[in-house]
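Take a look at the letters that make up each chain.
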Amino acid sequence: MSEPMRYSTPPIELPLRMDREPLPIEGCAGCRELAELRSRARAVGDMTTVTDCNVYLRRHPEGHQ
């Protein structure tokens, strides 16, 4: 057996994001679809999809300007 790897520095602690979730733009079908998908994903515990939807919603308003 080999010896376990030892590290001389402590792990890096990343800050916890406490931002509010992005809201869909009223009247936008794309925003509404992402928000609905996010709700369904949260209902089944799929937090990866919830996070992905939040990223897409944050980027999506670029098309509204």
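These figures come from a predicted structure and were not determined experimentally.

Rules of the game
- Residues numbered from 1 in each chain as written.
- Predicted model: local features only at pLDDT ≥ 70, side-chain atom pairs only at ≥ 80, totals over all residues.
- Heavy atoms only, no water.
- Helix = DSSP H or I, 4+ residues; strand = E, 2+ residues; numbered from the N terminus.
- Buried < 20%, exposed > 50% of the residue type's maximum accessible area, 1.4 Å probe, protein only.
- Contact = heavy atoms within 4.5 Å.
- Areas by Shrake-Rupley, 256 points an atom, 1.4 Å probe, with all protein chains shown as cover.
- Expected span 1.5 Å × (residues − 1).
- Disulfide = S-S within 2.5 Å.
- Core = buried A, V, L, I, M, F, W, Y, C linked by side-chain atoms within 4.5 Å.

Draft legend 1. The arrangement of the overall build of the protein chain in detail. Each helix and strand counted, the protein chain has two helices and zero strands in total. Seen through its C-alpha atoms, the protein chain measures out along the principal axes to roughly 60 × 30 × 20 Å. A total of 65 residues make up the protein chain; the buried ones form 17% of that total. If you take every contact in the protein chain between residues at least 6 apart in sequence, the share linking residues at least 24 apart comes to 46%. A total of about 6,100 Å² of accessible surface is found on the protein chain, and carbon and sulfur atoms cover 55% of it.

Draft legend 2. Spotlight on helix α2 (residues 47-59). Compared with the 18 Å implied by 1.5 Å per residue over 13 residues, the 18 Å span of α2 between its first and last C-alpha is a close match. Buried residues along α2 sit against α1 (29-43).

Draft legend 3. Representation of the state of the cysteines in the model. Under the defined criterion, the tally for this structure stands at zero disulfides. With no disulfide of its own, Cys31 lies closest to Cys28 among cysteine sulfurs, the gap being 3.7 Å. Here Cys53 is not disulfide-linked; the sulfur of Cys31 is the nearest cysteine sulfur, at 11 Å.

Draft legend 4. Expanded view of α1. Taking 1.5 Å as the rise per residue, α1 with 15 residues should run 21 Å; its terminal C-alpha atoms sit 21 Å apart, in good agreement. Where α1 is buried, its residues contact α2. Of the residues flanking the end of α1, it is Gly45, one or two places downstream, whose phi is positive at about 80°.

Draft legend 5. Focus on the nonpolar core. Listed in full, the five residues of the largest apolar core are Cys28, Cys31, Leu34, Cys53 and Leu57. Mapped onto this core, the elements with two or more residues apiece are α1 and α2. In this view, Leu57 contacts Pro22, Pro24, Cys31, Leu34, Ala35 and Arg38; residues no more than four positions away in its chain are not counted.

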